[in-house]
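Structure at a glance
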Amino acid sequence: MLKISENVYWDGIQDWDLKLFHGHELSTHRGSTYNSYVIKDEKTVLVDTVWFPHKETFINRIESDVGIDNIDMVIIQHNEPDHGGALDAIMELRPDLPIYCTAFGEKIIRAHFHKDWNFVNVKTGDTLKIGKNTLTFVEMRMIHWPDSMMTYLNHDKVLLSNDAFGQHYCAKSMFNDEVDEDELYQEAIKYYANILTPFSPIIAKKINEVVALNLDIDMIAPSHGVIWRENPSQIIESYADWANDYSEDFAIIVYDTMYEATRKMAEAIESGMRSKGVKVKLYNSSVSDMSDLLTELFKAKAVAVGSCTVNNGALTSIVALTHEIMAHKLKGKPYLAFGSYGWSGEAPANIDETLSKTKMIKVSEPLKAKYSPVESELKECFDAGVKLAEAIKES
Ligand code: FEO
């Protein structure tokens, strides 16, 4: 058990081995942590649990560190199984415990466990005095589930933020000032890009709402990764940036290719963009990690996506990628589609059609080249790259 403030202890799990999360959807190269917290005030409060594969370790640890009989109440801020997954093991031993959660939280817990436990619903602004600390609950609906909420402790000045401000990052320390800052930010933005981007408009509003609460915050303790102890407002400021049409100083070209023709088109587009002084990253999606790619797409100022045509459509990795771009609601970035073909040639139009469902900005009709692109087709790609570069400056 790690003391993080006068009355708050971290008693979670560091999962160094986790390499894939959300089933196999999300890569977690640096593992993750499931942060359960114990508040030892006049009342003893357990806040969130851990992912169910770690249930036994967790229960044994809580028993030896706290004593399950000593717990007065449980707060479940979010019921995805990586946080609520060990709740049943606690409740089996202490079926009398009140569970503080949002109304949505209760519905989800009931649907997961099918038990009639002692639920206490809370909403934004509700408070609970537990001794020196008064807890204030703040709903975080759709950041990123309907049940999500945060809990603020006024005496310790700790904000237990659940998934918000988290990272899938298992490190040598649980505190931000004792880990590699570059690694931490890589994981924080990857987390945002992959999990939270679809909810950016809600997050932008919620950040303003939380700032307006004027909470005196010494520490932000999320449910994954390290605790923001040094300058905790930095991650709030980063979220405010990320939620508001964030981009970095580069463009991205992602393609898949069977016989290098589409790669040649990608490189011609790249040359066109570089001729206008734009920095470009080039990825073959079939050999790239999808979660990392999505992070790069989130950061890029402009996007070109290409695939040759096979079986009347794009290659599998590009179909998946364009779906992810659409599902993550990327917006405001100029884009174009391209690809080589032999006879039918639907891939560029299919890519374009999917991307047109986003709020990104189309700058060119889809570019096509038959079999191996000739000089004039590569020139068209170069010119489209120039146009894409110019669109960045206009956007
Ligand atoms: Fe970390 Fe949404 O669970």
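Before reading on, note that the structure itself is shown above.
Structural notes, computed from the coordinates. Given the structure is predicted, the values throughout are model-derived calculations rather than measurements.

Across its full length, the chain holds 12 helices and 24 strands. Dimensions of the chain, computed from C-alpha atoms along their principal axes, come out at roughly 75 × 40 × 35 Å. Here the chain holds 395 residues, and 59% of them are scored as buried. Residue pairs at least 24 apart in sequence account for 72% of intrachain contacts in the chain once pairs closer than 6 positions are excluded. Surface accessibility of the chain: about 16,400 Å² in total, with carbon and sulfur atoms responsible for 50%.

What the rule picks out here adds up to 25 salt bridges. One salt bridge in this structure joins Glu6 and Lys132, with 2.7 Å as the shortest N-O distance. A residue pair is termed long-range when its members are at least 10 positions apart, and Glu6 in the loop between strand S1 (2–3) and strand S2 (8–10) and Lys132 in the loop between strand S12 (127–129) and strand S13 (134–139) qualify at 126 residues. Glu6 sits in the partly exposed class, given a relative accessible area of 41%. Here Lys281 ties to Glu296 by a salt bridge, and the two come within 2.8 Å at their closest N and O atoms. With Lys281 in strand S18 (residues 280–284) and Glu296 in helix H9 (residues 290–299), this pair connects stretches of sequence that are 15 residues apart. A relative accessible area of 29% means that Lys281 is categorised as partly exposed. Overall, Glu296 belongs to the buried group, its relative accessible area being 9%. Each of Arg30, Glu183 and Glu187 takes part in salt bridges that share partners, so that together they form one network.

Another aspect to go through is the sheet that holds strand S10 (residues 98–101). Within a sheet, each strand pairs with its neighbour through backbone hydrogen bonds, oriented either parallel or antiparallel. As summarised here, the arrangement of the 7 strands in space is S1-S2-S7-S8-S9-S10-S11, forming an open sheet in which the pairing is mixed. The open sheet has two free edges, formed respectively by S1 and strand S11 (118–121), since each of these has just one partner strand. As judged from the 2 bridges shared by S1 and S2, these two strands associate in the antiparallel manner. The residue bridging Lys3 from the neighbouring strand is Tyr9, located in S2.

Moving on, we get to helix H5 (residues 181–196). Taking 1.5 Å as the rise per residue, H5 with 16 residues should run 22 Å; its terminal C-alpha atoms sit 21 Å apart, in good agreement. Within H5, 12 of the 16 residues are buried, leaving the element largely enclosed by the surrounding structure. Listed in full, the buried residues belonging to H5 are Leu184, Tyr185, Glu187, Ala188, Ile189, Lys190, Tyr191, Tyr192, Ala193, Asn194, Ile195 and Leu196. Tucked into the core, H5 has its buried residues touching strand S5 (26–27), helix H6 (200–212), helix H7 (233–242) and H9.

Before going further, it helps to spend a moment on helix H8 (residues 261–274). Here H8 spans 20 Å end to end across 14 residues, near enough to the 20 Å set by a 1.5 Å rise per residue. Taken residue by residue, H8 has Ala261, Thr262, Met265, Ala266, Ala268, Ile269, Glu270, Gly272 and Met273 as its buried positions. Among the structural elements, strand S17 (251–256), S18, strand S19 (303–307), strand S22 (331–341), strand S24 (367–370) and helix H12 (375–394) are those in contact with the buried residues of H8.

Moving on, we come to the pairing of S22. Buried residues dominate S22, accounting for 9 of its 11 residues. As judged from the 4 bridges shared by S19 and S22, these two strands associate in the parallel manner. What sits directly across from Gly306, in S22, is Phe338. As paired strands, S22 and strand S23 (residues 359–362) are joined by 3 bridges and run parallel to one another. Pairing of Pro334 across the sheet is with Ile361, part of S23. Following the backbone out of S22, through helix H11 (residues 347–355) and into the adjacent parallel S23, one traces a crossover that is right-handed. Pairing of S22 with S24, which is carried by 4 bridges, proceeds in the parallel orientation.

Membership of the largest hydrophobic core comes to 83 residues, with the highest contact counts inside it found for Phe165 and Tyr239. Residue contributions to this core peak at 9 residues, all from H5. Aside from chain neighbours lying at most four places away, what touches Phe165 is Met150, Ile207, Ile220, Pro222, Trp228, Ile235, Ile236 and Tyr239.

Moving on: the state of the cysteines. Inspection of the entire model under this criterion finds 0 disulfides. Free of any disulfide, Cys308 has its nearest neighbouring cysteine sulfur in Cys381, separated by 14 Å.

Next up on the list: a negative patch on the surface. Taken together, the side chains of Asp180, Glu181, Asp182 and Glu230 present a region of like negative charge at the surface. Position of Glu181 among the secondary structure elements: in helix H5. Judged by relative accessible area, which is 52%, Glu181 ranks as exposed.

Sheet architecture is open: 5 strands sit in the order S12-S13-S14-S15-S16, paired in mixed fashion. The open sheet has two edge strands, S12 and strand S16 (219–222), and neither has a second partner. Taking each pair of neighbouring strands and ignoring which way they run, the sheet shows an average axis angle of 20°. Summarising the sheet, S13 and strand S14 (residues 149–153) pair through 5 bridges and their orientation is antiparallel. Of the residues in S14, the one forming a bridge with Leu135 is Leu153.

Rules of the game
Residues numbered from 1 in each chain as written. Predicted model: local features only at pLDDT ≥ 70, side-chain atom pairs only at ≥ 80, totals over all residues. Heavy atoms only, no water. Helix = DSSP H or I, 4+ residues; strand = E, 2+ residues; numbered from the N terminus. Buried < 20%, exposed > 50% of the residue type's maximum accessible area, 1.4 Å probe, protein only. Contact = heavy atoms within 4.5 Å. Areas by Shrake-Rupley, 256 points an atom, 1.4 Å probe, with all protein chains shown as cover. Salt bridge = Lys/Arg side-chain N within 4 Å of Asp/Glu carboxyl O. Pairing = 2+ DSSP bridges. Expected span 1.5 Å × (residues − 1). Right-handed = clockwise from strand over helix to strand, strands pointing away. Core = buried A, V, L, I, M, F, W, Y, C linked by side-chain atoms within 4.5 Å. Disulfide = S-S within 2.5 Å. Patch = residues over 30% accessible without salt bridge, like charges linked within 9 Å, V, L, I, M, F, W, Y side chains within 5 Å. Lys, Arg positive; Asp, Glu negative; His and termini not counted. Charge placed at Lys NZ, Arg CZ, Asp CG, Glu CD. Axes fitted to C-alpha atoms, helices over the stretch in contact; angles between N-to-C directions.

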